[in-house]
Amino acid sequence: MMQEFVDQINKSARSATEDMHTALPGEIKSYDPDKGVATVLPKAKFTKPDGSMMDFPEISGVPVMFPQSKNVTIAWPIKKGDGCLLVFSEQALDYWMYGKETDTKLKFDLTNAIAIPNLTSGGNSTMKLACDEDAVAIAAGDTKAKITPKTAELTLGSAKVKVEPSLVQVTVGGTVLAISPDGVDITGKLTVKGGITARDDVKASNGSISLANHAHRGDSGGMTGKPQ
């Protein structure tokens, strides 16, 4: 008698939770950035009453979560085929999304889905870089950014910007501009369109010839005076 009672409780509990959804991996099928909603296919199967397996249906009108506040948003492209995590709300989303009351009693239903983008089943080189260097790492194609507790770097092709507490360095191919407390160093050709005003001496030939104090050999012998 007791075992029959326990079995019935278990059966009732299973029945009550069969249509209750908590979280599932999903695949973006389409995304409308103007409305911030997507159509998502849950990447799982459910069991029908006859025991056979069946794919979940696509869910439309799914709000997509991005980190944001009233004045700041961090966003990235959402494309067809991207992964996401579907979280199913305890209640319908109508009031939250549209300000409308609803009489639906569905709890944790598929229609109550919220998508958290970019859930993946594997890692990549950017994730590894972030872990190896204790960094925030961002990659968008060939453009890469890395922020660590001591440095910040931005790389695009042969161009690279590096910022440290006492150094800002810009490198493009073989040309390097370095700014430090000691001054500005340039490796490479320098072309200036406009005037140059120097408040101190300017030296050429690796510092051996002074613009302010140099002299020339005169036509009749001897040396000319210093520049005026």
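Computed from a predicted model, the values in this text were never measured in an experiment.

Caption draft 1: Quick look at the overall build of the protein chain. Check the secondary structure of the protein chain and you find three helices and 16 strands. Each of the 228 residues in the protein chain was classed as buried or not, and the buried ones make up 17%. Sequence-distant contacts, at least 24 apart, represent 34% of the contacts inside the protein chain between residues at least 6 apart.

Caption draft 2: Representation of the sheet that holds strand E1 (residues 23-32). In spatial order, the strands read E5-E2-E1-E6-E7; together these five strands make up an open sheet with antiparallel pairing. Here the strands that pair on one side only, and so sit at the sheet edges, are strand E5 (59-63) and strand E7 (113-117). On average, each strand axis in the sheet is tilted by 50° relative to the strand beside it, whichever way the strands run. In terms of strand pairing, strand E6 (residues 83-88) meets E7 through five bridges, oriented antiparallel. Bridging across to E7, Phe88 finds its partner in Ala113.

Caption draft 3: Quick peek at the nonpolar core. Membership of the largest hydrophobic core comes to 16 residues, with the highest contact counts inside it found for Val40, Ile59, Val62, Leu86 and Phe88. Those elements giving two or more residues to this core turn out to be E1, strand E2 (37-42), E5, E6 and E7. Take this core: its biggest share by element is three residues, from E6.

Caption draft 4: Main features of the pairing of E6. Summarising the sheet, E1 and E6 pair through five bridges and their orientation is antiparallel. Note on E6: the bridge partner recorded for Glu27 is Gly83.

Caption draft 5: Structural detail: the pattern of salt bridges. Per the stated rule, a full pass over the model turns up eight salt bridges. Among the ionic pairs, Lys29 bridges to Glu27, the shortest N-O distance being 3.4 Å. In this structure Lys29 comes out as partly exposed when scored by relative accessible area, which is 23%. A salt bridge links Lys162 to Glu164; its shortest N-O distance comes to 3.1 Å.

Caption draft 6: Structural view of the pairing of E2. The element E2 is largely enclosed, with a buried count of six among its six residues. Side chains of E2 alternate between two faces, with Val37, Thr39 and Leu41 and Ala38, Val40 and Pro42 buried alike. Pairing analysis gives six bridges linking E1 to E2, with the strands arranged antiparallel. Residue pairing across strands places Ser30 opposite Thr39, the latter belonging to E2. Between E1 and E2, which pair antiparallel one after the other, the connecting turn spans four residues, and Gly36 there sits at a positive phi close to 70°. The pairing of E2 with E5 spans three bridges and is antiparallel. Among the inter-strand pairings, Ala38 is bridged to a residue of E5, identified as Val62.

Caption draft 7: Expanded view of the environment of Pro63. As for its position among the elements, Pro63 is in strand E5. Distance in space between the C-alpha atoms of Pro63 and Ala115 is 6.1 Å, their sequence separation being 52 residues.

Caption draft 8: Focus on the packing of aromatic side chains. Counted according to the given criterion, the structure contains two aromatic pairs. Between Phe66 and Trp76, the aromatic rings sit 4.9 Å apart at their centres with planes inclined by 80°, giving edge-to-face as the arrangement. Pair noted here: Phe66 is in the loop between E5 and E6 and Trp76 is in the loop between E5 and E6, with a separation of 10 residues, a long-range link.

Reading guide: rules and limits
- Residues numbered from 1 in each chain as written.
- Predicted model: local features only at pLDDT ≥ 70, side-chain atom pairs only at ≥ 80, totals over all residues.
- Heavy atoms only, no water.
- Helix = DSSP H or I, 4+ residues; strand = E, 2+ residues; numbered from the N terminus.
- Buried < 20%, exposed > 50% of the residue type's maximum accessible area, 1.4 Å probe, protein only.
- Contact = heavy atoms within 4.5 Å.
- Pairing = 2+ DSSP bridges.
- Axes fitted to C-alpha atoms, helices over the stretch in contact; angles between N-to-C directions.
- Core = buried A, V, L, I, M, F, W, Y, C linked by side-chain atoms within 4.5 Å.
- Salt bridge = Lys/Arg side-chain N within 4 Å of Asp/Glu carboxyl O.
- Phe/Tyr/Trp six-rings, centres within 6.5 Å; stacked < 30°, edge-to-face > 60°.

Function cannot be read off these values alone, since they describe shape.
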